[in-house]
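Each chain, written out:
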Amino acid sequence: MLSVTFLGTSAARPTVERNVSAMALVREGETLLFECGEGTQRQMMRYGVSFALGEIFFTHFHADHFLGVIGLVRTLGLQARAEPLRLYGPKGANKLLTQALQLGVERVPFNVEIEEVKPGAVLRMTENGQRDGYEIDVFGTEHGGGSVGYALREHQRRGRFDVEKARAAGIPEGPLWGKLSKGEPIELADGRQLTPDRFVGPKRPGRLVVFTGDTRPCASVVDAAQGADLLIHEATFGEEEKDRAKETGHATAREAAQVALAARARRLVLSHVSARYSLSAEELVTEARLVFPETVVARDGMTVEVPYSE
Ligand SMILES: [Zn+2]
Ligand SMILES: [Zn+2]
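S.K.: For this particular structure, what's the right way to read the environment of Glu83?
M.R.: Along the chain, Glu83 turns up in the loop between α3 (68–78) and β5 (85–89). Separated by 45 residues in the primary sequence, Glu83 and Asn128 have C-alpha atoms spaced 10.0 Å apart.

Encoded structure:
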């Protein structure tokens with residue numbers, strides 16, 4: 001299972017309906033947090049996101065994307081957390097997050113590690129060793145100050161085991177099926193030796209979920225999101241304010257849709273919307289769907305499941 005829950009979808013400041021940026025990704029029971037705007041811990045409680053998380057990924061250090069880490073880490077400390085927490089962010093992460101974490105607490109009672117990341121980095125390890133079946137790719141975005149986005153890329157999966165062929169070949173159901181489906185050769189009771197290639201189909205792609213954070217539409221996002229099962233792109237503005245989007249380093253809904261189209265993504269979710277779209281973001285949806293029909297605008301508390309494409 002892989003799903004994404006939007007904890008905050010408002011740009012720059014919270015509104016009555018929407019909190020500032022944060023998104024929880026849950027995969028096989030593991031929770032990863034992307035951004036942690038002010039008030040994120042309360043949004044996690046409201047929408048049932050586990051506090052047992054090991055990592056938070058920041059795209060850049062504008063206040064609406066990270067101030068929530070101060071309160072969240074304090075609460076984790078009050079809960080007598082012992083496990084370490086790892087924070088990732090672009091250049092400047094060390095200084096900024098260290099300062100943030102020293103605010104309002106004498107001492108964080110567990111280990112917090114900060115890792116500065118650069119575009120092109122591939123994050124394969126967690127605190128507990130190798131990531132299980134996926135990696136996090138870091139890519140550059142255009143929002144100033146070395147901003148980055150993150151792509152969760154699952155490894156290829158085994159091919160499909162062809163039950164009919166196995167039966168037809170007289171292989172008894174049980175451990176031998178298991179061996180073949182894992183790609184191991186087997187020997188039958190009658191001495192026949194069989195290799196898995198006849199019974200197992202080609203490897204199947206894993207899933208790709210791409211999170212841009214704040215950015216202008218740009219080629220590095222198109223590259224990172226090639227064939228993405230889910231692209232989560234900021235869309236602060238509508239067409240009416242496309243000049244303002246350019247001036248402030250943000251994207252319009254239409255521009256985000258063009259990126260999704262160029263990347264041949266399967267689905268696009270728009271987030272980080274200006275306060276004027278807080279109640280209704282229909283205008284953004286309409287503009288984006290003219291370019292890329294598989295588009296929705298995120299709401300706080302919305303969960304999107306990401307199935308395998310095959
Ligand atoms: Zn922002
Ligand atoms: Zn920003």
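S.K.: Help me out: how do you make sense of the coordination of the zinc ion (ligand 1) in this one?
M.R.: Ideal values for angles at a metal depend on the geometry: 109.5 degrees with four tetrahedral donors, 90 or 180 degrees with six octahedral donors. Within the protein, the atoms that donate to the zinc ion (ligand 1) are Asp64 (OD), His65 (NE2), Asp214 (OD) and His272 (NE2), at distances of 2.1 to 2.3 Å. Around the zinc ion (ligand 1), the 4 donor atoms are arranged such that angles at the metal cover 85 to 172 degrees; this shape is classified as irregular. Taken as a pair, the zinc ion (ligand 1) and the zinc ion (ligand 2) lie 3.4 Å from each other and share Asp214 as a ligand. Residue Asp64 is located in helix α2 (residues 63–66), and its partner Asp214 is located in the loop between β14 (208–211) and α7 (219–224); the two are separated by 150 residues in the primary sequence. Relative accessible area serves as the criterion here: at 10%, Asp64 is assigned to the buried category.

S.K.: Sorry if this is basic, but what is going on with the coordination of the zinc ion (ligand 2) here?
M.R.: In this structure, His60 (NE2), His62 (ND1), His143 (NE2) and Asp214 (OD) serve as the protein donors to the zinc ion (ligand 2), at separations of 2.1 to 2.3 Å. Around the zinc ion (ligand 2), the 4 donor atoms are arranged such that angles at the metal cover 90 to 169 degrees; this shape is classified as irregular.

S.K.: Can you walk me through the sheet that holds strand β2 (residues 22–27) in this structure?
M.R.: Each strand in a sheet pairs with its neighbour through backbone hydrogen bonds, running either in the same direction (parallel) or in the opposite one (antiparallel). Judged by pairing direction, the sheet is mixed, and its 7 strands sit side by side in the order β6-β5-β4-β3-β2-β1-β18 without closing on themselves. The sheet is open, and its two borders are formed by β6 (112–116) and β18 (303–305), each paired with just one other strand. Each strand axis lies, on average, 20 degrees off the axis of its neighbour in the sheet, ignoring direction. Note: β2 against strand β3 (residues 30–34), 5 bridges, orientation antiparallel. Within the sheet, the bridge partner assigned to Met23 lies in β3 and is Phe34.

S.K.: Honestly, the pattern of salt bridges in this entry has me stumped. Any pointers?
M.R.: Pairing of side chains with opposite charge becomes possible as their charged atoms draw close. Under the counting rule described, the total for this entry stands at 17 salt bridges. A salt bridge links Arg27 to Glu154, with the nearest nitrogen and oxygen atoms 2.7 Å apart. Of this pair, Arg27 sits in strand β2 while Glu154 sits in strand β11 (residues 148–154), placing them 127 residues apart in sequence. For Arg27, a relative accessible area of 9% puts it in the buried group. Note that Glu154 and Arg207 form a salt bridge whose closest N and O atoms lie 2.9 Å from each other. Here Glu154, found in strand β11, pairs with Arg207, found in the loop between β13 (193–194) and β14; they are 53 residues apart in sequence, far enough to count as distant. Exposure class is identical for Glu154 and Arg207. Each is buried. One network of salt bridges, with partners in common, ties together Arg86, Glu113, Glu115 and Glu127.

S.K.: What is the right way to look at the environment of Gln156 in this model?
M.R.: Within the fold, Gln156 resides in the loop between β11 and α5 (163–168). Take Gln156: its relative accessible area is 54%, and that puts it in the exposed class. Each C-alpha atom of the pair Gln156 and Glu247 lies 40 Å from the other, and the pair is 91 residues apart in sequence. Beyond its immediate stretch of four places on either side in the chain, Gln156 contacts Lys203, Arg204 and Gly206.

Conventions adopted
Residues numbered from 1 in each chain as written. Chains lettered and ligands numbered in written order. Predicted model: local features only at pLDDT ≥ 70, side-chain atom pairs only at ≥ 80, totals over all residues. Heavy atoms only, no water. Helix = DSSP H or I, 4+ residues; strand = E, 2+ residues; numbered from the N terminus. Donors = N, O, S within 2.8 Å, 3.2 Å for Na, K, Ca; no water. Tetrahedral: all angles 85-135°; square planar, octahedral: opposite > 155°, others 65-115°. Buried < 20%, exposed > 50% of the residue type's maximum accessible area, 1.4 Å probe, protein only. Pairing = 2+ DSSP bridges. Axes fitted to C-alpha atoms, helices over the stretch in contact; angles between N-to-C directions. Salt bridge = Lys/Arg side-chain N within 4 Å of Asp/Glu carboxyl O. Contact = heavy atoms within 4.5 Å.

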